[in-house]
Protein chains: 2
Amino acid sequence: MRIGELSKRTDTPVRMLRYYEARNLIVSERLHNGYRDYDDYVVDRVRQIRGLLDVGLPTRIIGQILPCLDSPITIHMPYVTPDMVATLEEVRDRMAEKIECLTKNHTAIGDYLRAAGFDAEAS
Amino acid sequence: MRIGELSKRTDTPVRMLRYYEARNLIVSERLHNGYRDYDDYVVDRVRQIRGLLDVGLPTRIIGQILPCLDSPITIHMPYVTPDMVATLEEVRDRMAEKIECLTKNHTAIGDYLRAAGFDAEAS
DNA sequence: TTTGACCCTGACATTAATGTCATCCATCGA
DNA sequence: TCGATGGATGACATTAATGTCAGGGTCAAA
């Protein structure tokens, strides 16, 4: 698909799609004219990238870990360098911290809303 | 305590503490000389702020929700405006999304590391 | 063939969170 | 009293993610 459709399907500005490509987070073929052409799997990829960005990961890190989270359960993993392992462990641990922080505050907001009489569902 | 100590106790650059104050996330008294003087509870507050920033919340939002997450279980909550309720619900929902995203990727990294033979513990 | 929708590249602006300085006041110990 | 340390304000720089334009092709439908 071309960039416009990818943009719509991922609800992501075209500008950003080109940016992600520049940061090597996604790739694209080129049509006879110079138009970018994306494979379908890129849709999910972009969504994942956005999610990670939204959660505070910088593109630099995303680019490093993305290849390791690619397929269902790691189709091809060449020699994993110790460096990469360290990075992954680091990222994994920081994610755990974030989850904890988010969970705590998510709960607190729920409690508050409930105490204030609003919003009885959706804890 | 003065800003230096707060900085150490929260592992936060002094620069940032002044910044958070400028954004109305924390407050401080002033000593006879112009030095800032912080109450003890500010330590936790700063840690919470950092956590929220780290997880992608902008200071503008943090400033809005912080007062609602202040005390153990909401000591004083004046008339909660419908606007505030809407904001809180919005933030709460976005947090849930983030938690889901993080959990998913956290798991994926764990799986990868395990599959790669590294890191057998700490799922 | 003309027009409008799409795409391309590249430059510049912006917002947020931070880093870095410079300049000056305050305090306390040697 | 001097000097080191710590604090204050304010200006300027930077990095990342994004927004916005400008100038210029592609192509299909009218």
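Residues numbered from 1 in each chain as written. Chains lettered and ligands numbered in written order. Predicted model: local features only at pLDDT ≥ 70, side-chain atom pairs only at ≥ 80, totals over all residues. Heavy atoms only, no water.

Undergrad: Looking at this structure, how should I read unusual backbone geometry?
TA: Trans is the prevailing form of peptide bonds, just as negative phi is the prevailing case for residues other than glycine. Residue and element names in this part refer to chain A. The phi torsion at Asp 11 lies on the positive side, around 55 degrees, for a residue other than glycine. Take Asp 11: it is sitting in the loop between helix 1 (3-10) and helix 2 (14-22). Using a relative accessible area of 63% as the deciding quantity, one classes Asp 11 as exposed. (Helix = DSSP H or I, 4+ residues; strand = E, 2+ residues; numbered from the N terminus. Buried < 20%, exposed > 50% of the residue type's maximum accessible area, 1.4 Å probe, protein only.)

Undergrad: When you look at the environment of Tyr 35 of chain B in this model, what are you seeing that I'm missing?
TA: Residue and element names in this part refer to chain B. Within the secondary structure, Tyr 35 is located in the loop between strand 1 (29-30) and strand 2 (36-37). Sequence separation of Tyr 35 and Met 95 is 60 residues, and the distance between their C-alpha atoms is 37 Å. Those residues within four positions of Tyr 35 in sequence are excluded, and the remaining contacts are Arg 2, Glu 29 and Arg 30. (Contact = heavy atoms within 4.5 Å.)

Undergrad: Which parts of the structure should I look at to understand the protein's contact with DNA strand C?
TA: By nearness alone, 19 residues border DNA strand C, and Gly 4 and Arg 36 of chain A together with Tyr 19, His 32 and Thr 59 of chain B come closest of all. Near-protein atoms of DNA strand C (within 4 Å) split between backbone and bases, with sugar and phosphate holding 71%. Gly 4 of chain A places a polar main-chain atom, nitrogen or oxygen, 2.7 Å from a phosphate oxygen of DNA strand C. Looking at the surface near DNA strand C, the elements that each hand over two or more residues are helix 1 of chain A together with helix 2 (14-22) of chain B. No other element matches helix 2 of chain B, which puts four residues into the surface near DNA strand C. Residues that form the surface near DNA strand C fall into these classes: nine nonpolar, four polar and six charged. (Near = heavy atom within 4 Å. Polar contact = N/O pair within 3.5 Å; in protein donor to acceptor, adjacent residues only side chain to side chain. Nonpolar A, V, L, I, M, F, W, Y, C, P; charged D, E, K, R; others polar.)

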